[in-house]
Every structure is written in structure tokens, then in C-alpha cells.
There are 2 protein chains.
Amino acid sequence: MPVRVLSVGVIGPGRVGSALLEQLRAAQPRLARDTGITLNLSGVIASKRMWLDCDDPQLNNRQNGAQTWRPGNIDEFTAHVCGNHKRHALLVDCTAHNEIVAYYPHWLASGIHVVTPNKLGLSGNLARWQSIRHACRSGTARLRYEATVCAGLPVIQTLRDLLDTGDRLISIQGMFSGTLAWLFNRHDGQQSFSSLLHEAHALGYTEPDPRADLSGMDVARKLVILAREAGLPLSLEHVEVESLIPPTLAGCPLDTFMQHTSTLDAPMNARLAQARSEDGVLRHVASLDCDGHARVQLRVLPSRHAFAHTQFTDNIVQFCTDRYRDNPLLVQGPGAGPEFTAGGVFADMLRIAESLTTCA
Amino acid sequence: MPVRVLSVGVIGPGRVGSALLEQLRAAQPRLARDTGITLNLSGVIASKRMWLDCDDPQLNNRQNGAQTWRPGNIDEFTAHVCGNHKRHALLVDCTAHNEIVAYYPHWLASGIHVVTPNKLGLSGNLARWQSIRHACRSGTARLRYEATVCAGLPVIQTLRDLLDTGDRLISIQGMFSGTLAWLFNRHDGQQSFSSLLHEAHALGYTEPDPRADLSGMDVARKLVILAREAGLPLSLEHVEVESLIPPTLAGCPLDTFMQHTSTLDAPMNARLAQARSEDGVLRHVASLDCDGHARVQLRVLPSRHAFAHTQFTDNIVQFCTDRYRDNPLLVQGPGAGPEFTAGGVFADMLRIAESLTTCA
């Protein structure tokens with residue numbers, strides 16, 4: 001089998017980044033033996049410091065040990081990962097902020113592959129998205145971002161395969177927030193909505209500030225990424241987002257919000273009652289149609305709807321296309337969490353590695 | 001973007017083969033423009049005759065027109081698809097029988113890529129499967145067969161990604177027969193099971209002889225393919241298959257069977273009653289665990305099980321792994337039909353095409 005070697009740099013060793021590093025380390029021997037693919041970790045860069053393999057070459061294969069860190073510099077880091085002889089290089093942006101994406105067009109134009117689970121950049125400024133796409137199309141480097149939508153679930157590639165094989169998108173619908181899926185699965189009137197919110201927060205199912213989940217903006221970003229994958233020039237401001245945060249609690253400190261969550265109870269009970277009067281269920285749904293109309297909202301769905309029977313924090317995505325018109329294609333499962341997200345990133349890296357062939 | 005050209009030969013222009021040919025033809029201009037990939041149809045071979053593009057070069061881009069057929073010869077066909085200058089070549093086995101798979105090891109060893117939706121060969125003789133795998137691993141050619149299990153649903157690649165990124169399989173469960181899914185979705189006691197069977201047959205949801213569906217062997221073959229994908233040396237004879245065909249009707253002519261389907265009613269009613277007494281539903285389920293135990297059987301599932309809420313003829317596949325242990329990963333949708341199967345084959349072809357890079 002062909003031997004393919006990829007020099008890898010991981011940016012942002014946070015929860016996802018460190019889960020990825022562990023998965024990569026554990027997989028090294030098996031990968032080389034079974035697939036001929038070697039993913040060499042050349043460096044890791046955090047916000048202020050970086051580790052380069054030239055400083056601790058033996059550390060790559062050990063889980064523990066003192067690492068030699070030097071001051072971080074993204075250009076130096078990138079140059080080190082690329083090396084002197086134009087080896088195949090891949091950078092993984094595991095940061096949770098919007099800064100690294102500014103480098104993508106330059107990296108891609110230089111032939112450096114990029115993989116990321118970071119939604120911020122790819123759902124941000126449309127012109128920047130278009131310059132990133134242009135850099136991919138004019139060169140040979142690849143950008144993959146499966147894990148931006150539902151972590152390790154096969155979503156973006158599934159959409160890509162449908163469109164590339166000539167199918168035509170009618171709509172995508174999904175529950176893209178595990179937090180909100182859990183809340184509305186549990187919200188049956190037996191407990192107040194606010195007590196469920198506190199339970200979810202204590203279980204770690206919400207962001208540290210649950211308003212980040214209730215705003216619906218994280219879901220809207222995933223919808224923007226899917227729309228752009230389908231060739232629709234959607235931006236965040238075009239998505240109709242129904243925020244579940246009471247206006248009076250939108251801007252106050254977190255403590256104040258957490259003490260006043262009971263403000264949510266009456267409206268949520270009313271929504272539940274409405275759903276029941278229609279023999280339906282209440283679900284937080286994102287939807288996109290082929291004309292680019294995008295919405296994130298709390299909706300009443302028929303009780304036989306596929307979204308009425310998911311469990312716990314499952315995400316679910318439904319693709320309606322010309323082929324899958326009456327019977328859509330559905331993917332479901334946990335859509336967030338470091339292990340799942342790292343797995344999705346790792347699969348993207350392998351796909352890029354598979355596309356590198358040695359000259360025959 | 002890199003330009004990649006693949007010479008394609010289609011074997012077996014039946015229902016799936018002709019759906020594929022149409023999808024390929026329709027996609028040509030867009031593919032070349034958007035991805036740089038050109039899939040050149042070099043020939044089509046049926047059971048006794050073949051069409052080679054050198055005989056009608058202009059036909060490739062037209063849907064209609066008299067084709068020049070010559071007597072079929074698989075070796076001549078293969079040589080023509082490969083051409084004189086060792087171009088990248090791919091053969092698609094769209095036949096429904098077991099003969100072409102004998103060529104796979106030789107083709108793969110010669111560097112010819114192979115894609116197939118045909119389950120027979122890959123779920124057949126274990127030694128042959130192992131020689132096919134060996135031919136892939138020692139060379140550069142690829143074999144892809146996503147469409148053997150659930151047509152266009154992302155199943156085999158999903159399993160592959162989980163395993164390649166270091167996840168460990170616990171079990172796979174699925175409803176792999178659209179026919180049986182439909183029957184047991186509808187079987188609620190309001191109509192006799194046999195009348196539902198006749199309805200399904202009239203709607204084209206069953207094989208011409210419905211015993212091919214009721215035997216469970218087609219489902220067993222899909223389980224064998226998944227097991228082998230997961231590295232388990234399973235053969236069809238190791239799968240515990242519960243046939244739903246009454247023994248007295250197993251060997252008689254089709255007409256006789258169709259006149260005596262009421263034999264099925266009493267046992268099916270009894271099974272339904274049993275399910276209801278347990279507050280469950282009756283479903284035809286295939287299951288495989290990590291020790292290689294494989295079963296195909298009619299089972300009672302809890303009414304909250306994911307398999308209790310699928311629609312119509314949907315297939316559904318559930319992956320339980322170390323990562324997806326408490327919350328499995330699920331894929332669901334139509335799992336049979338020429339358009340879906342052709343789409344799955346086409347996606348496999350694109351994946352192989354993406355892995356061909358020109359030497360930089």
C-alpha cells in the first residue's frame with residue numbers, strides 16, 4: 001500500500017485539542033501498519049507558547065513527560081510544520097475563537113491543508129468564506145470541517161456526496177443543540193423549565209452561561225456552515241433566530257440570570273400546552289431550504305415526527321432532496337463533546353492523508 | 001485545483017447500472033468545472049455484448065442514439081478501459097450475480113480500482129474475501145462498496161471512520177430490509193400479515209419472489225459485509241438467521257407460495273400479541289457484536305427504541321462503540337432502490353477520484 005506521511009500541527013490544545021492529541025498518539029502504530037498513513041505531530045501551539053518536535057523528538061510517542069515549550073509564534077510554528085523540503089503539511093485549528101481563520105486563505109494558497117471543528121470563522125464574514133473557498137479551488141490544499149456540525153456525525157460529507165452525485169437539495173432540518181434537545185425532551189410539565197435548566201447546567205450539558213445555548217446563535221452558525229456547503233451565500237444575519245432568553249435577562253450578569261430563570265417557566269408552559277393541544281411535541285429546530293431561507297425556532301412537531309423520538313442530548317439532521325424526498329435521510333447521535341469532536345477532526349485528517357499519493 | 005481523470009467501465013447495465021450511467025452523464029459538466037474530476041465512460045458490458053467508446057465516441061454525452069455493440073469479452077473490456085498508457089482505471093460491478101467478483105483480486109493487483117453495490121461476492125467465500133483484501137493492501141488500487149449496505153446511506157464509511165480514528169466497536173444493530181421494515185411497521189393486527197405481504201408485492205416493495213425477503217439471507221449478507229469491514233472473519237454460515245418462511249412453503253413454486261401465504265398469519269399474529277404483552281413492537285433486526293456473534297431475527301423491542309419509529313421502508317443502522325456507548329450513532333433512510341444505490345456507487349467513485357493526485 002502507498003506510504004503517506006503528513007506533518008501535523010495542532011493549534012489550541014484545549015478540551016478538543018488534547019482529546020485529538022491523545023487519539024492521534026494512540027492510533028499511530030495501527031495506522032502505519034494498516035493504512036500506510038503516518039501523521040507526524042510536528043508541533044502544538046497554545047495562546048502564548050508552543051511545543052515543536054525538534055525540541056523533544058522522543059515525546060511524540062509518550063503520553064507524559066516534561067515538554068519543552070518556547071514562546072508561541074504562529075508564523076514560526078507554521079514554517080516548522082511545513083519544514084524545509086515542502087513536505088505535506090496539515091494544520092488543525094482547535095481554537096474556540098475567531099483569530100486563526102484569518103490565516104486560512106494564505107495557508108491554503110501555500111498548499112497547507114487545514115482541518116477545523118471551529119464554527120466561528122467559517123460561519124463569519126461571507127467575503128472571507130469566499131476567499132477561503134477560492135484558495136481551495138485554485139490550489140491543491142484541502143479544508144475540511146466535518147466536526148463543525150454535530151461533532152463526529154457524518155453530516156457535511158453526507159451533504160457533499162448527495163450534491164456531488166447530482167442530487168438536489170430541498171431542505172435540511174435538524175436539532176443541532178444537544179442542550180436544547182435534552183431540555184425539550186425532558187420538558188413535559190412535571191418539573192418547571194427553569195429547574196430543568198439548572199439540572200442541565202449542573203450536569204455540564206449547557207455552556208457555563210446557559211444563555212449561549214438559549215440564544216440559538218450556536219445553532220444558527222451550524223446552519224450557515226451547511227448552507228455555504230450547499231453553495232448558498234448565507235450569513236448569520238440572514239438567519240431568523242428565535243432567542244429563548246427573556247429580553248429582561250439578556251444583558252445581566254450570569255448570577256442574576258441564574259437567580260431569575262423562573263421567568264422562563266410561564267412562557268415555556270404556554271408553549272408546551274400549545275404543542276399538546278395540537279397533539280404534538282415542542283422541539284428546537286433549525287431549518288434551511290434550497291432558496292436559502294434559514295430559521296432557528298421552537299416549533300410544534302407532529303408526535304410521529306422523527307425529531308419526537310430522539311434521546312437525551314442527541315442531535316439529529318434530516319436531509320430532503322430530490323432522491324430522498326418522501327423518505328428523507330437522517331443522521332442522529334451525540335453532537336458535542338471532546339471525544340466525538342476529536343474523532344470527527346481525526347477522520348477529516350485521514351481523508352486528506354488518503355488523498356496524498358506518492359508519484360508512481 | 002488538480003485535474004484528475006478516471007477511465008470508467010460499467011459492468012451490468014441493469015436497473016442500478018443504468019441509473020448510474022444517467023447520473024454520471026448528467027454530472028459530467030458540473031464535476032469537471034467544480035472539482036476538476038473527469039469520469040470518462042470508456043465502456044459498458046452486459047451479459048453477452050459490450051459497448052466501447054472507441055466505437056461511438058460522441059455517444060458519451062448524448063442520452064439517446066444507436067449504440068454500436070460488439071460481442072462481450074470481459075478481458076478485452078478491461079484492457080480497453082485501462083488503455084495503452086496505464087491511465088487511472090475503475091470498473092464498477094453492477095451485476096447481481098457472483099461471477100465478476102472472481103476478477104477482483106487480479107484487477108486490484110493490476111492497479112484497477114473497483115466499486116460495487118453487489119453483495120454476493122463480498123459476503124461469499126471467506127478465502128476469496130481475504131485475497132481481495134490482500135490485493136488492496138499490497139497495491140495502490142482501491143475497492144469501495146458503500147452501496148452494498150443500505151444503498152446511499154453513509155454506513156460503511158461511518159464504521160470505517162470510527163475504527164480508523166481508534167474507536168472500538170461494541171455492536172451494530174440494524175433493520176436492513178426495507179421490505180420487512182415496511183411489513184412490521186404496518187403489521188398492527190388490523191389486516192392479516194399475508195394481505196400486507198400481497199400489498200407489498202404489488203407495490204414492488206418485495207423481490208419478485210417474496211421468500212427472498214422473508215428468508216433473511218439478504219440481511220445476513222449485509223451483516224457479513226459489516227463484520228468483515230470491522231475485521232471480523234465472519235461467513236454467512238455463522239450468522240444465526242431466523243427465516244420467516246413456513247417450512248412447508250420453502251421449496252414450492254412461487255405461485256403455490258403466493259396462494260398459501262395465509263399460513264403466515266397465525267404465527268405472525270402470535271408474535272404480535274407477544275410483543276404487545278411486553279409493551280413492545282415487533283421488528284426484523286440484524287445484530288453483530290464485537291465477538292462476531294451475528295443474528296438476524298424477528299424481535300420484540302421496547303416501544304421507545306429508535307427502531308420503533310422509523311417510517312415506511314426505511315433502513316436504520318445503530319453503531320454502539322466505546323465513544324457512542326450510551327448514546328449510539330444512528331443512520332436512517334431508504335436503503336434500496338436504483339437511484340439511491342447508484343448515488344452510493346457514484347460517491348464511492350468520487351472518493352477514489354479524489355485520491356488520485358497528479359505529481360506535483
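Here the residue numbers are simple positions, counted from 1 along each chain's written sequence. A letter from A marks each chain and a number from 1 marks each ligand, given out in the order of writing. Local features in a predicted model are, by the rule used here, given only for residues with pLDDT of at least 70; side-chain atom pairs are given and counted only at 80 or more, and totals for whole chains, interfaces and linings are based on all residues. As a convention, hydrogens and water are excluded, and side-chain values are obtained from all of the structure's heavy atoms.

## A word on the interface of chain A and chain B
Turning to step 1, where the next piece is worked out: With 50 residues of chain A in contact, the opposing surface of chain B contributes 49 residues.
Turning to step 2, where the next piece is worked out: Summing both partners gives a buried area of about 4,100 Å² for chain A against chain B, and 49% of it is carried by carbon and sulfur.
Turning to step 3, where the next piece is worked out: As used here, buried area is the combined drop in accessible area, with a 1.4 Å probe, of two parts when they are placed together. Of all residues in chain A, the largest losses of buried area upon contact with chain B belong to A:Arg137, A:Arg323 and A:Asn327, amounting jointly to 14% of the total for that side.
Turning to step 4, where the next piece is worked out: By definition here, a salt bridge exists when the distance from a side-chain nitrogen of Lys or Arg to a carboxyl oxygen of Asp or Glu is within 4 Å. There are 4 salt bridges connecting chain A and chain B.
Turning to step 5, where the next piece is worked out: Of the charged contacts in the structure, one is a salt bridge between A:Arg351 and B:Glu354, with a shortest N-O distance of 3.1 Å.
Turning to step 6, where the next piece is worked out: Secondary structure elements follow DSSP: runs of H or I no shorter than four residues count as helices, runs of E no shorter than two count as strands, and numbering proceeds from the N terminus. Going through the elements one at a time, helix H1 (15–35), helix H5 (126–138), helix H6 (156–164), strand S13 (329–334) and helix H13 (338–354) of chain A are the ones with two or more residues in the side of chain A that touches chain B.
Turning to step 7, where the next piece is worked out: With 8 residues, the single largest contributor to the side of chain A that touches chain B is H13(A).
Turning to step 8, where the next piece is worked out: A per-class count over the side of chain A that touches chain B returns 19 nonpolar, 17 polar and 14 charged.
Turning to step 9, where the next piece is worked out: Two elements, S13(A) and strand S13 (residues 329–334) of chain B, share 3 bridges in a ladder whose sense is antiparallel. Note on S13(B): the bridge partner recorded for A:Gln332 is B:Leu330. By the convention used here, residues are in contact when the closest approach between their heavy atoms is within 4.5 Å. Gly falls in the polar group here, along with every residue not listed as nonpolar (Ala, Val, Leu, Ile, Met, Phe, Trp, Tyr, Cys, Pro) or charged (Asp, Glu, Lys, Arg). Pairing between strands is defined by DSSP: at least two bridges between them are needed.

## With respect to the sheet that holds strand S9 (residues 240–241) of chain A
Turning to step 1, where the next piece is worked out: The 12 strands lie next to each other as S9(A)-S11(A)-S10(A)-S8(A)-S12(A)-S13(A)-S13(B)-S12(B)-S8(B)-S10(B)-S11(B)-S9(B), forming an open sheet whose pairing is mixed. Here the strands that pair on one side only, and so sit at the sheet edges, are S9 of chain A together with strand S9 (240–241) of chain B.
Turning to step 2, where the next piece is worked out: In this structure, strand S8 (residues 169–175) of chain B lies alongside strand S12 (residues 314–321) of chain B, joined through 6 bridges in antiparallel fashion. Among the inter-strand pairings, B:Ser171 is bridged to a residue of S12(B), identified as B:Cys320.

## Observations concerning the sheet that holds strand S4 (residues 70–71) of chain B
All names here are of chain B.
Turning to step 1, where the next piece is worked out: Here 7 strands make up an open sheet; going across it, the order is S4-S3-S2-S1-S5-S6-S7 and the pairing mixed. At either end of the open sheet lies a strand with only one pairing partner, and these are S4 and strand S7 (143–144).
Turning to step 2, where the next piece is worked out: Two elements, strand S2 (residues 37–45) and strand S3 (residues 49–52), share 3 bridges in a ladder whose sense is antiparallel. Counterpart to Ile45 in the pairing with S3 is Met50.
Turning to step 3, where the next piece is worked out: Its contacts with the sheet place helix H1 (residues 15–35) against strand S1 (4–11), S2 and strand S5 (89–93), and it is angled at close to 160° to S2. All axes are obtained by fitting lines to C-alpha atoms, using only the stretch in contact for helices, and the reported angles, taken between N-to-C directions, cover 0 to 180 degrees.

## Let's talk about the side chain of B:Arg228
Residues and elements named next belong to chain B.
Turning to step 1, where the next piece is worked out: Within the secondary structure, Arg228 is located in helix H10 (residues 217–229).
Turning to step 2, where the next piece is worked out: A 3.5 Å cut-off defines polar contacts: any pair of N or O atoms within that distance qualifies, except that in protein one atom must be a possible hydrogen donor and the other a possible acceptor, and neighbouring residues in sequence count only when both atoms are side-chain atoms. Side-chain polar atoms of Arg228 contact the backbone oxygen of Gly124, separated by 2.7 Å.
Turning to step 3, where the next piece is worked out: Discounting chain neighbours no more than four positions away, the residues touching Arg228 are Leu122, Ser123, Gly124, Asn125, Leu126, Trp129, Arg133, Leu234 and Ser235.

## Focus on the side chain of A:Thr35
All names here are of chain A.
Turning to step 1, where the next piece is worked out: The residue Thr35 is located in helix H1 in this model.
Turning to step 2, where the next piece is worked out: One polar contact links the side chain of Thr35 to the main-chain carbonyl oxygen of Leu31, over a distance of 2.6 Å.
Turning to step 3, where the next piece is worked out: When residues no more than four places from it in sequence are discounted, the contact partners of Thr35 are Met1, Pro2, Arg4 and Arg30.

## Considerations on the environment of A:Pro338
Residue and element names in this part refer to chain A.
Turning to step 1, where the next piece is worked out: Topologically, Pro338 is positioned in helix H13.
Turning to step 2, where the next piece is worked out: The exposure class of Pro338 is partly exposed, given its relative accessible area of 24%.
Turning to step 3, where the next piece is worked out: Residues Pro338 and Ile11, 327 residues apart in the sequence, show an inter-C-alpha distance of 15 Å. Think of it in three bands: with a 1.4 Å probe and only protein chains considered, a residue is buried below 20% of the maximum accessible area for its type, exposed above 50%, and partly exposed in between.

Take it as geometry only, folks, not as evidence of what the structure does.
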